[in-house]
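# Topology and contacts: notes
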Amino acid sequence: MAIAGSILILGLALLSCVADGALGRHIGLSHRRGLIDGGGAGVTVFDVTQHGAKADDHTDNAEAFIQTWRAACDSGVPAKLVIPVGTFLTGPVVFQGPCKSTEPIVFEVQGKVKATSDLSEYSSGQWILFEIINGLTLSGGGAFDGQGGAVWKYNDCHQNKQCQPLPSSIKLSKVHNSDIHGISSFDSKYFHMHVTDCSNIWVHDVNLTAPANSPNTDGIHISNSDGVNVTSSQIGTGDDCISIGQGSTNVLISQVFCGPGHGISVGSLGKYNNEEDVNGILVTNCTLHNTTNGLRIKTYAASQPSQALNITFKDITMDSVKNPIIIDQKYGSRQSEPSRVKISNVHYQNIKGTSTSDVAVSFLCSSLVPCEAVELVDIDLAYIGLKNMTLSGSCLNAKVTSGGTQNPACS
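What this report covers is the structure whose coordinates are included nearby. (Residues numbered from 1 in each chain as written. Predicted model: local features only at pLDDT ≥ 70, side-chain atom pairs only at ≥ 80, totals over all residues. Heavy atoms only, no water.)

With that settled, consider the pairing of strand β16 (residues 226-236). Most of β16 is tucked away, with nine of its eleven residues classed as buried. Judged from the five bridges that link them, strand β13 (residues 199-204) and β16 form a sheet pairing that is parallel. Note on β16: the bridge partner recorded for I201 is V228. The pairing of β16 with strand β18 (residues 249-258) spans seven bridges and is parallel. Bridge pairing in β18 places D226 opposite T249. (Buried < 20%, exposed > 50% of the residue type's maximum accessible area, 1.4 Å probe, protein only. Helix = DSSP H or I, 4+ residues; strand = E, 2+ residues; numbered from the N terminus. Pairing = 2+ DSSP bridges.)

Shown next, in the form of structure tokens:
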């Protein structure tokens, strides 16, 4: 049935996990295995169908999800909320903690959760929201269908700076110690996943997909969060596979296959006042295929001061990528006032593959705060574009050091 009024609130406190170690965060293997499995003989299962949910692809199941959640969250025992096999339609919902149990809770999606397509139901910026939770495992092998194809035509953000963004599929806000794995998200209305104000988040073995021409369907957008790890996943969208926004620290991206999409980006930065710095980003052992950008740092011109520093891109394969290595500090505008986002200590190491653009390395840094301590080591890219061109690199307002193979060299 239709659910009127404000977005429904569900609380959820879920299974503890912690980010892995490339940035100095380690946990015992046996402990982490228990988190991923959500195991333990004492776990009580709460099935949404026992609280009125119907897998008929027609009934709005938000109220049944609420009832199931309240039973699990208030039980005071280790709990697992289960959405079984089938297609469960729901409008926007919020899973909110904290809960009574001191143990984490598992949210297991075995079937398909399908979004309603009436935008009038979405009064905030997300479809599924997890917030104020310490300990979350989201798993189960199921899928989230955002039904973006029905509403992408209403996204006019490319021409209207005052646009109202469409709702993201899954948002984590103020979530700590979380493991998300073994799920799929497809055809999100906006971002597939948005992680903000969180810490110790582990996302792995997920599949996020949307058509290459779908607007603003970023795979994972990270902001104001510490210790977010994204590994062993496949992401193909109409925008950035992963975008790392303001206030992100100690982020690891590893073994991600990206494509189609706009690549893996730090930014965009500098759009808003009082943005927090980005610090400690490692992108390693990833493959980008047929993307419109590769490894990108992007900041707005005429921005407020902030920093992006200690960023490493290492052991990356480019397969038919346009703009494989790019810093763009005039993103979204070519106005004359320079960006005031300071970019420093950026390392590109062992970047190999093919470029569809003849300028494979492009640094357009700020004239006011030039890029500093940028390192290029073992860059080996080949041009496969249609034009009879020679591969080149362009480095403007950037202090660059280089070593090993330089193809192309930065000039």
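Here we come to empty space enclosed by the protein. This structure, assessed with the given rule, holds one cavity of 30 Å³ or more. Taken as a whole, the largest cavity spans an internal volume of roughly 30 Å³. In terms of lining, the largest cavity is formed by F65, I83, F95, F107, V113, I128, F130 and F144. Classifying every residue of the lining of the largest cavity gives eight nonpolar, no polar and no charged. (1 Å grid on protein atoms, 1.4 Å probe; cavity = no way out; pocket = protein on both sides within 12 Å on 5 of 7 lines; lining within 4 Å. Points joined across faces, edges and corners; volume = space filled by probe spheres on them. Nonpolar A, V, L, I, M, F, W, Y, C, P; charged D, E, K, R; others polar.)

Okay, the packing of aromatic side chains next. Counted according to the given criterion, the structure contains eight aromatic pairs. Taking the centre distance of 4.8 Å and the plane angle of 75 degrees together, the rings of F95 and F107 count as edge-to-face. Of the two residues, F95 sits in strand β5 (residues 93-96) while F107 sits in strand β6 (residues 105-109), which places them twelve residues apart along the sequence. On the basis of relative accessible area, F95 is assigned to the buried category, the value being 2%. Relative to Y348, the ring of F313 lies with its centre 5.2 Å away and its plane at 20 degrees, an arrangement referred to as stacked. (Phe/Tyr/Trp six-rings, centres within 6.5 Å; stacked < 30°, edge-to-face > 60°.)

It is worth spelling out helix α2 (residues 62-73) at this point. Under the 1.5 Å per step criterion, the end-to-end length of α2 is 16 Å for twelve residues, consistent within 8% with the ideal 16 Å. Every buried residue of α2 is accounted for by A62, A64, F65, I66, T68, W69, A72 and C73. (Expected span 1.5 Å × (residues − 1).)

Another point: the pattern of salt bridges. Taken as a whole, this structure holds seven salt bridges when the rule is applied. Taking the shortest distance from any N to any O, the salt bridge between D240 and R296 comes out at 3.0 Å. Here the residue D240 occupies a position in the loop between β16 and β17 (242-244), and R296 occupies one in strand β21 (residues 295-300), the gap between them amounting to 56 residues. An identical accessibility class is assigned to D240 and R296; each is buried. Several salt bridges share partner residues, and in doing so they unite D240, R296 and K298 into one network. (Salt bridge = Lys/Arg side-chain N within 4 Å of Asp/Glu carboxyl O.)

On to the nonpolar core, then. Core analysis: the biggest nonpolar cluster contains 88 residues, and F130, I220, I242, I253, Y348 and F363 have the highest contact counts within it. Non-local contacts of I242, meaning those with residues more than four positions away in its chain, are made with I220, I222, V230, I235, I253, V256, G263, I264 and S265. (Core = buried A, V, L, I, M, F, W, Y, C linked by side-chain atoms within 4.5 Å. Contact = heavy atoms within 4.5 Å.)

With that settled, consider the environment of Y348. Checked against the element boundaries, Y348 lands in strand β24 (residues 341-355). Residue classification places Y348 among the buried positions, given a relative accessible area of 0%. Along the backbone, Y348 and V374 are 26 residues apart, and their C-alpha atoms lie at a distance of 8.0 Å. Once you skip the residues sitting within four places of it in the chain, Y348 turns out to touch L295, I297, F313, I325, I327, F363, V374, E375, L376, V377 and I379.

Moving on, we get to the environment of A62. Within the fold, A62 resides in helix α2. In sequence terms A62 and V93 are 31 residues apart; their C-alpha atoms lie 6.6 Å from each other.

Interpretation in functional terms is not warranted from these geometric data alone.
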